[in-house]
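Coordinate inspection notes
Read off the chains here:
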Amino acid sequence: MTQIDTTRATPSTRVRITLTAASIFVLLVGANLITPLFPLFSARLGLTTSDVTLAFVAYIVPLVVGLPIVGHWSDHYGRRAVMAVAVVVALLGTAAFVTAQSLGALVLGRALHGAAVALATGTAAASLRDLLRERSELATALTLLSSAGGVAAGPFIGGLLSQFGDPMHTPYLVHGAAVVVLLGLLLAVKPLPPVAPPPADHPRWLTLMPAMPSVSATTRRIFTLAAATGFLSFAVFGYFLAIAPGRYADLLGGSRLMAGMLATIALGSSAAAQLAPIRGAHKAAVALTLMTGGLALAFFADHAHTAPALVVAGFLIGGGQGVAFRTLFATMSALTPPREVARSVSLMYVVTYCGSAIPVLVLGMAIDHFGADTPVGVYFVATIVMAALLALACLRYRVPARDEFAHHGH
């Protein structure tokens with residue numbers, strides 16, 4: 001596993017590194033607190049499954065739209081300034097949840113959290129790269145740990161905090177307090193100058209224009225594999241984050257903590273697998289096959305009403321996703337010309353996050369149409385996803401990573 005060591009950095013730099021990693025972690029925790037609380041909001045506000053998936057997707061839309069638009073803003077206006085704006089937007093989103101009395105308020109809160117994460121994602125990655133300029137591998141590991149860790153910890157923390165006081169308010173009140181502290185710390189640190197300040201004779205508004213994402217012609221094939229893997233795996237994660245807590249409520253004994261743990265198992269396994277030193281030319285193909293088996297096991301657990309199988313399914317899905325996504329992402333990044341990496345990565349994440357939105361929204365409508373007790377819609381969508389994952393595994397098996405590198409002369 002990658003060892004994280006910041007001892008070579010100065011005390012001031014270590015503070016900045018810690019604060020940057022903590023910022024993206026806290027924001028992503030807040031964005032995922034709602035996972036085990038969806039059944040509570042559904043019951044209190046009278047929401048349908050489609051309403052829940054709409055609230056879930058409301059987070060994805062500003063994230064997908066915002067990533068290519070705001071990703072370069074911190075280059076021109078400073079990392080701290082953009083991160084501080086992201087934290088303020090997240091605080092507004094948290095306030096919307098505390099006062100939510102309707103589906104519209106939930107959608108607003110989710111959208112604000114999505115906008116905050118869009119602002120913070122590129123800023124945090126760029127900031128860590130700046131602060132660890134000579135140690136790019138460490139910067140990547142910290143970015144992964146803070147972002148994947150926040151996503152994985154959010155559902156568990158939401159379920160845990162919901163055991164105290166008002167279960168729908170306590171998680172967000174605690175998160176709001178953490179965000180206020182974070183904002184104070186950000187403002188207390190002296191800002192570093194922008195890496196690319198706008199020229200004096202250049203209209204400042206032009207620096208806010210989106211940098212259009214693109215794909216290098218030499219990496220189109222591996223980009224397609226990586227983006228398709230991201231799309232399908234995030235569709236599965238979206239199911240665990242939005243629909244599974246309500247669907248498996250009885251199976252999990254009605255425990256919000258267990259509902260949060262289920263999502264944390266899948267997401268945490270993904271984060272751990274991305275850091276594990278797993279080798280082998282066909283590891284991506286094997287990992288995609290494991291994901292398919294995990295998804296099949298999840299729906300067997302649904303049919304047989306067995307919680308242990310559901311837990312094992314979460315580990316298989318998360319671990320398989322982590323290995324497959326890391327392998328394909330690393331291959332794509334290595335084969336992409338340096339000047340095109342940022343735009344290719346932005347486009348890949350746009351496609352990936354769409355996987356959390358489109359299939360989950362379709363699945364929510366299918367459940368409402370066929371009925372929550374009739375698994376036809378769930379099984380139909382799951383069959384399509386499993387078939388697509390197996391097709392990707394077959395494609396990746398035919399051209400393993402080492403052959404891909406050799407083909408391009410790396």
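Residues numbered from 1 in each chain as written. Predicted model: local features only at pLDDT ≥ 70, side-chain atom pairs only at ≥ 80, totals over all residues. Heavy atoms only, no water.

**A short note on a nonpolar patch on the surface**
What counts, and what does not: A residue counts toward a patch only above 30% relative accessible area and without a salt bridge, and it is joined to like-charged neighbours within 9 Å or, for Val, Leu, Ile, Met, Phe, Trp and Tyr, to nonpolar neighbours within 5 Å. Values of accessible area rely on a 1.4 Å probe in the Shrake-Rupley scheme; residue burial ignores everything except the protein chains shown. Salt bridges are counted wherever a side-chain nitrogen of Lys or Arg sits within 4 Å of a carboxyl oxygen of Asp or Glu. By the criteria applied, helices consist of DSSP H or I runs no shorter than four residues and strands consist of E runs no shorter than two, each listed in order from the N terminus. With a 1.4 Å probe rolled over the protein chains alone, any residue whose accessible area is under 20% of its type maximum counts as buried; one over 50% counts as exposed, and the rest are partly exposed.
Where nonpolar side chains cluster on the molecular surface, the patch consists of I358, V362 and M365 and spans about 270 Å² of accessible area. As for its placement among the helices and strands, V362 is situated in helix α14 (residues 358-370). Relative accessible area serves as the criterion here: at 41%, V362 is assigned to the partly exposed category.

**Thoughts on helix α2 (residues 38-45)**
What counts, and what does not: Note that the arc is defined by the directions from the helix axis to the C-beta atoms.
Those residues of α2 that fall on the buried side of the exposure criterion are F38, F41 and S42. Along the axis of α2, the buried residues cluster in a sector spanning 105°; they form a single face. One or two residues past the end of α2 sits G46, with phi positive at roughly 65°.

**Overview of the packing of aromatic side chains**
Note the cut-off: Each Phe, Tyr or Trp ring, with Trp reduced to its six-membered ring, pairs with another whose centre is within 6.5 Å; inter-plane angles below 30 degrees give stacked pairs, above 60 give edge-to-face pairs, and intermediate values give tilted ones.
Applying the stated rule across the entire model yields four aromatic pairs. Ring centres of F234 and F237 lie 6.0 Å apart, and the angle between their planes is 55°; this geometry places the pair in the tilted category. Separated by three residues within a single helix, F234 and F237 lie in helix α9 (residues 220-247), roughly one turn from each other. Residue class for F234 comes out buried when judged on its relative accessible area of 17%. An aromatic cluster is built from F41, F97 and Y172, whose rings are joined through pairwise contacts.

**Details of the nonpolar core**
Within soluble globular proteins, side chains that are nonpolar generally end up buried alongside one another. Our working rule: What we call a nonpolar core is a set of buried Ala, Val, Leu, Ile, Met, Phe, Trp, Tyr and Cys residues that are connected through their side-chain atoms within 4.5 Å.
Counting residues in each nonpolar core, the largest one holds 104 residues, and the members touching the most others are I34, F41, L106, Y239, Y248 and L310. The element best represented in this core is α9, accounting for 15 residues. Of all hydrophobic cores here, the second largest spans seven residues; its members include I17, L128, L132 and L142.

**Here we look at the pattern of salt bridges**
The tally for this structure, following the rule as stated, stands at one salt bridge. Put simply, D166 and R44 hold a salt bridge, and the shortest N to O gap is 3.7 Å. In this pair, D166 is assigned in the loop between α7 (136-161) and α8 (170-188) and R44 in helix α2, connecting sequence segments 122 residues apart. Taking the relative accessible area as the measure of exposure, R44 reaches 48% and is therefore partly exposed.

**Notes on the side chain of T352**
The following threshold applies: Note on contacts: a residue pair qualifies if any of its non-hydrogen atoms lie within 4.5 Å across the two residues.
Summarising the element assignment, T352 is placed in helix α13 (residues 341-354). Residue T352 is classed as buried on the basis of its relative accessible area, which comes to 0%. In contact with T352, not counting residues within four places along its chain, are A227, G230, F231, F234 and F325.

**Let's talk about helix α11 (residues 283-304)**
Worth spelling out the cut-off: A helix is expected to reach a length of 1.5 Å times the quantity of its residues less one.
For α11, built from 22 residues, the straight-helix expectation of 32 Å at 1.5 Å per residue is met to within 8% by its first-to-last C-alpha distance of 31 Å. With its phi angle positive at about 60°, H305 sits one or two positions after the end of α11.

**Observations regarding the side chain of S42**
Our working definition: Polar contacts here mean pairs of N or O atoms no more than 3.5 Å apart (in protein, one a potential hydrogen donor and the other a potential acceptor; neighbouring residues in sequence count only if both atoms are side-chain atoms).
Within the secondary structure, S42 sits in helix α2. From its side chain, S42 meets the backbone oxygen of F38 in a polar contact 2.8 Å long. Sequence-distant contacts of S42, defined by excluding residues within four places in its chain, comprise L47 and V52.

**A few points about the confidence of the model for the protein**
We count it as follows: Confidence scores here are pLDDT values: one per residue, from the predictor, ranging 0 to 100.
The predicted model of the protein averages 77 in pLDDT, with 79% of residues at 70 or higher. Here residues 1-7 is a poorly scored stretch, pLDDT under 50, and it has 15 contacts once near neighbours within four places are set aside; other chains count. Per-residue pLDDT stays below 50 along residues 401-410; that stretch engages in 18 contacts with residues further than four places along the chain or on separate chains.

**A short note on the environment of G294**
Relative to the assigned elements, G294 resides in helix α11. In this structure G294 touches A313, L316 and I317, once residues within four positions along its chain are discounted.

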